[in-house]
Amino acid sequence: MKRAACLLMISLAFMSGCTERDRMYRESRVLMDTFCTITVAGSSEEKARKAINSGFAEIEKLDGLLNYFSEDSEITAVNRAAGIRPVRVSRETLDIVKKAVHISEITGGAFDPTIAPVVSLWKFSKDVSAPSVPPEDAVADALRYVDYRKIKINTAASEIYLAEKGMALDLGGIAKGYAADRAVEAVKAEGIKAALVAVAGDIRGFGLNPSGQGWRLGIQDPRPAAVSERPWEDVFATLELRDKAISTSGDYQRFFIKDGRRYFHILDPGTGFPADTDLISVTVIAPEGYVTDSLATAVFVLGVEKGMKLLESMGIDGILVCAGKKILLTENLRGKVNILNTAYQAVNYSP
Ligand code: AMP
Ligand code: MG
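Residues numbered from 1 in each chain as written. Chains lettered and ligands numbered in written order. Predicted model: local features only at pLDDT ≥ 70, side-chain atom pairs only at ≥ 80, totals over all residues. Heavy atoms only, no water.

### Some words on helix α1 (residues 45-66)
Here α1 is 22 residues long and its end C-alpha atoms lie 31 Å apart, about the 32 Å a rise of 1.5 Å per residue gives. Within the sequence span of α1, burial applies to A48, A51, I52, S54, G55, F56, E58, I59, L62, D63, L65 and L66. Elements that come into contact with the buried residues of α1 comprise β2 (23-31), β3 (34-42), α2 (74-80), α3 (91-106), α6 (175-188) and β7 (195-199). (Helix = DSSP H or I, 4+ residues; strand = E, 2+ residues; numbered from the N terminus. Expected span 1.5 Å × (residues − 1). Buried < 20%, exposed > 50% of the residue type's maximum accessible area, 1.4 Å probe, protein only. Contact = heavy atoms within 4.5 Å.)

### Structural notes on the sheet that holds strand β14 (residues 279-286)
Here we have 9 strands laid out as an open sheet, ordered β2-β3-β7-β8-β11-β14-β15-β16-β18, and mixed in their pairing. Pairing within the sheet leaves two strands with one partner each, and these edge strands are β2 and β18 (345-347). Within this sheet the neighbouring strands show an average axis-to-axis angle of 15°, counted without direction. Bridge count between strand β8 (residues 202-206) and strand β11 (residues 245-250): 3 bridges; the pairing is antiparallel. From the neighbouring strand, I203 faces β11, where its bridge partner is I246. Against the sheet, α1 contacts β2, β3 and β7, and its axis sits at roughly 25° relative to β2. (Pairing = 2+ DSSP bridges. Axes fitted to C-alpha atoms, helices over the stretch in contact; angles between N-to-C directions.)

### What about the side chain of S247?
With respect to the element layout, S247 can be found in strand β11. Separated by 2.8 Å, the side chains of S247 and T292 make a polar contact. Engagement of the side chain of S247 in a polar contact is seen with the backbone nitrogen of D293, the distance being 3.1 Å. (Polar contact = N/O pair within 3.5 Å; in protein donor to acceptor, adjacent residues only side chain to side chain.)

### So, the packing of aromatic side chains
Counting across every chain of the model gives 7 aromatic pairs. Taking the centre distance of 5.4 Å and the plane angle of 65° together, the rings of F264 and F300 count as edge-to-face. One end of the pair, F264, is in strand β13 (residues 261-264); the other, F300, is in helix α7 (residues 289-314), with 36 residues separating them in the sequence. Residue class for F264 comes out buried when judged on its relative accessible area of 6%. Taken together, the ring pairs in this structure connect W122, F256, Y263 and F273 into an aromatic cluster. Directly above the aromatic system of F206 lies the positively charged group of K188, at a separation of 5.0 Å from the ring centroid. When the ring centre of F255 is taken as reference, the NZ or CZ atom of R262 above it lies at 4.4 Å. (Phe/Tyr/Trp six-rings, centres within 6.5 Å; stacked < 30°, edge-to-face > 60°. Lys NZ or Arg CZ within 6 Å of the ring centre and 35° of its normal.)

Pasting the structure below:
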């Protein structure tokens, strides 16, 4: 398992459109190399199960198209043809790559889906028994192929071309949020009025309860006091999600410690090394999952000042946690986050 869910669904009450006879139906499957859970509210089990199946079918389809490690995914085909020729892809692959390039542009390249050659030098997987820091010259060499501006997209022909041999796409920082978006659409299309789709820590919900409550979610403690079997259940704060998506990126999700230093899976495309900021966890809340997923990664790379500025300028909510367990909230979120763990303290951010 690449990454455990870092946002926990705490409780689900009745939701909008739910009658008293409505019940909650939930199912988890392993897809996109992680746990995916779909919860829907409905009065008929048959209808709910059908909707859940449609949601999972959508995630499975995207997994097949976008998986970096799969021999026959479209992303692998694009990567193999780098510097050689454009590759015709499906509507979905074209759409997510366009969105990834857009996020790269608005984050000034802090998010960059061409980071793959550098990612493959780092071994953050739990299966690696002795992870090591790659040599600096190998990182510098791989960095030469990292540049989202060299992704050429031909919309009319539905083609993607990586302009240089050695380039490769890794959509690991956006695909889960995108999958949550698509699964939500699939569930809605089945006539469901309220549901929550969680692709690991990238979650999108819709529907509210009759008294105006949304889905209550918890954010995983990035520095828990004790090692737990189920770390995602150790939350430091909770909040309510109303018709929005939420994603968390943290330095505790995939990492190793070497010579007293923590190395983790969020890489700075400027250096090829793990993002070196004061941040340990970034949560982003916005209408769409592809935005929250990619911006959580990007804000982590940008650091507190630039990250807060970007979120505020876009009117997007964020919860940034610094190494000293200080929490910074975007303005709109103040008073809406319930901090459970007193070791964490909300401080007002002033630019
Ligand atoms: P997330 O867990 O959503 O923060 O995404 C991290 C994953 O995205 C990593 O495992 C890499 O596959 C990829 N990634 C790492 N750094 C970046 C970056 N700066 N821009 C885009 N993708 C990245
Ligand atoms: Mg992300």
